[in-house]
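Spelled out, the chains give:
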Amino acid sequence: MGTEDEPKRPVLKRLPTPATRRRLSAQAGLREVMGQFATGVTVLTAGGERAHGMTANAVTSVSLEPPMVLCCVSRAARMHEAIVTAGSYAVTVLASDQKDLAKYFADWRRPAGFAQFDSVDWTAGPQTGAPLLDGALAWLECELAEVYEGGDHSIFLGKVVASSRGTAQDSLVFYSGGYHQIDGRVRASA
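Right, let's walk through the structure included here. Keep in mind the model is a prediction, meaning the values are calculated, not measured. (Residues numbered from 1 in each chain as written. Predicted model: local features only at pLDDT ≥ 70, side-chain atom pairs only at ≥ 80, totals over all residues. Heavy atoms only, no water.)

**Looking at the sheet that holds strand β9 (residues 138–150)**
So, point 1. Across the sheet, seven strands lie side by side as β3-β2-β6-β9-β10-β5-β4; this open sheet has antiparallel pairing. At either margin of the open sheet sits one strand with a lone partner, and together these are β3 (52–56) and β4 (59–64). The mean inter-strand angle of the sheet, taken between neighbouring strand axes irrespective of direction, is 30°.
So, point 2. Taken together, the twelve bridges between β9 and strand β10 (residues 153–165) define a ladder with antiparallel strand orientation. Within the sheet, the bridge partner assigned to tryptophan 139 lies in β10 and is serine 164.
So, point 3. Most of the contacts of helix α2 (residues 78–86) go to strand β2 (residues 42–46), to which it runs at about 50°, and overall it touches β2, β3, β5 (67–74), β6 (88–93), β9 and β10.
So, point 4. Contacts from helix α3 (residues 99–106) reach β2 and β3, with the element oriented near 115° to β3. (Pairing = 2+ DSSP bridges. Helix = DSSP H or I, 4+ residues; strand = E, 2+ residues; numbered from the N terminus. Axes fitted to C-alpha atoms, helices over the stretch in contact; angles between N-to-C directions. Contact = heavy atoms within 4.5 Å.)

And the structure:
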């Protein structure tokens, strides 16, 4: 033990050795590792004849000029065909008190088409007609610009044609297999 006059040595953290790392299959490993990456929670929606909504966290901004965002959707998901058919999509960024909406739009047993929106409050996007869910942090409406193959998913690149911000302050995030809240006051004090 050192005395008060002696400088304290920094504690060095060692990286796990290959023998101590948990071995996982590629798919299970990706799921577990990416589960440690906190993401915002959104609901993607598309209007038109194949209207649909889907909880998603694979959404990111791409460019400010022109304004573009992307979302990744499994080619087996109903949302995939909905976006392709509509040629557009919307992104609703969920607030901390909207965990029930996230769970609802992640449940494959909900009704198909516009009927799935009967039990939620929403407004048709003025540019795309896609449902924009009420009470959210923010909304984006996007025209489909490009579609890229990404393994078993498609990467939909959308040009932002409208955006708006709600009055909610706190964010819903997904981390380590569960939903969590980010308090807006944390941001203000940091």
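**A short note on the sheet that holds strand β12 (residues 178–182)**
So, point 1. Strand order in this open sheet of three strands is β1-β11-β12, and the pairing throughout is antiparallel. The open sheet has two free edges, formed respectively by β1 (39–40) and β12, since each of these has just one partner strand.
So, point 2. In the sheet, strand β11 (residues 171–175) pairs with β12 via five bridges, with the strands oriented antiparallel. Within β12, the residue paired with leucine 172 across the bridge is glutamine 181.

**Notes on the pattern of salt bridges**
So, point 1. Tallied over the full model, the rule gives one salt bridge.
So, point 2. Among the salt bridges present, the one from aspartate 107 reaches arginine 109, with a minimum N-O distance of 2.9 Å.
So, point 3. Aspartate 107 gets classed as partly exposed once you look at its relative accessible area, which sits at 24%. (Salt bridge = Lys/Arg side-chain N within 4 Å of Asp/Glu carboxyl O. Buried < 20%, exposed > 50% of the residue type's maximum accessible area, 1.4 Å probe, protein only.)

**Description of unusual backbone geometry**
So, point 1. With an omega of -5°, the peptide bond running from glutamate 65 to proline 66 counts as cis.
So, point 2. With respect to the element layout, proline 66 can be found in the loop between β4 and β5.

**What about the nonpolar core?**
So, point 1. The biggest cluster of nonpolar side chains holds 16 residues, and the ones touching the most others in it are Leu44, Cys71, Val73, Met79, Ile83 and Tyr89.
So, point 2. Counting residues per element, the ones that place at least two in this core are β2, β3, β5, α2, β6, β9 and β10.
So, point 3. When residues no more than four places from it in sequence are discounted, the contact partners of isoleucine 83 are Ala46, Cys71, Val73, Ser88, Tyr89, Leu144 and Phe156.
So, point 4. Core analysis: the next-biggest nonpolar cluster, separate from the first, contains ten residues, Val43, Leu94, Ala102 and Val120 among them. (Core = buried A, V, L, I, M, F, W, Y, C linked by side-chain atoms within 4.5 Å.)

Spatial relationships are all this shows, so hold off on functional conclusions.
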